[in-house]
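Descriptive analysis of the structure
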Amino acid sequence: MKLYENTILVLIGPHGSGKTTLGKMLSERLGVPFEDEIGRYYREIEQTKPDGTHAANSEALFDRKVIEEEIARDVLCKAPRIVETWHPGNLAYAAMRNRDVYLHYLSVIQRFLSAIEKKVLIQPLRIDTDTLSRRLSEQGPTTELMQFFLKVSDHAEQLARRLPCTVLPPLSTDHDSPETILQTIVIRLCCTLPNP
């Protein structure tokens, strides 16, 4: 199984749903690059969020930077790839934190995606609150963050259906092994994409 040159596979889902783990496994299996979440890069590696803030806090400049960087990455990358969170997830975060940023970039991204010649497949991942509470690594008020991440995930899935994308049926990652979920995704790709 290979991805066509113009294909992007996007993994969306709440914090702790396995996007990074599955993205890396799919990258190795399919032989294409995996690009992890830009927001996490800026939050964790560059430490751009102010001290004492957490994911649910309003951060208009942070959300703008993440969305702009995602668009720039799309323009630069021509190869098939697997991406974590991507535009549906970034827009969903912005929608929850700053409506003006969300409304501005929703139309920008809709136009952008309509203009690029890419086949975009979105694979939603889901987990329940028990799994999220065990996997939560973000600092902040636990109950508030859990509700926030689940709402962001729901909104990202709704947005994916509004964008020019093909949304695959959601997969629960609560109980199956990553290998089992990986196999399910590969089978879905085989059914959705003709072999090049």
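Residues numbered from 1 in each chain as written. Predicted model: local features only at pLDDT ≥ 70, side-chain atom pairs only at ≥ 80, totals over all residues. Heavy atoms only, no water.

Moving on to the overall build of the protein. Across its full length, the protein carries eight helices and six strands. Secondary structure elements of the protein, listed N to C terminal, follow the sequence β-α-β-α-α-β-α-α-β-α-α-β-β-α. Burial analysis of the protein (196 residues in total) assigns 52% to the buried set. Contacts spanning at least 24 positions in sequence make up 77% of the contacts within the protein whose residues lie at least 6 apart. Carbon together with sulfur atoms contributes 50% to the accessible area of the protein, which is approximately 9400 Å² in total. (Helix = DSSP H or I, 4+ residues; strand = E, 2+ residues; numbered from the N terminus. Buried < 20%, exposed > 50% of the residue type's maximum accessible area, 1.4 Å probe, protein only. Contact = heavy atoms within 4.5 Å. Areas by Shrake-Rupley, 256 points an atom, 1.4 Å probe, with all protein chains shown as cover.)

With that settled, consider the side chain of Glu35. One can find Glu35 in strand β2 (residues 34-35). Glu35 gets classed as buried once you look at its relative accessible area, which sits at 13%. Here Arg73 takes part through its side chain, which lies 3.3 Å from a polar atom of the side chain of Glu35. Residues contacting Glu35, with those up to four places away along its chain left out, are Arg73, Cys77, Arg81, Ile82, Val83 and Glu84. (Polar contact = N/O pair within 3.5 Å; in protein donor to acceptor, adjacent residues only side chain to side chain.)

With that settled, the discussion passes to the confidence of the model for the protein. Caution applies to low-pLDDT regions: their predicted coordinates should not be interpreted in detail. Summing up the model confidence of the protein, the mean pLDDT is 87 and the portion of residues at 70 or higher is 90%. Ranking the elements of the protein by mean pLDDT puts helix α2 (residues 38-45) last with 74 and strand β6 (residues 171-172) first with 96. (pLDDT = per-residue confidence, 0-100.)

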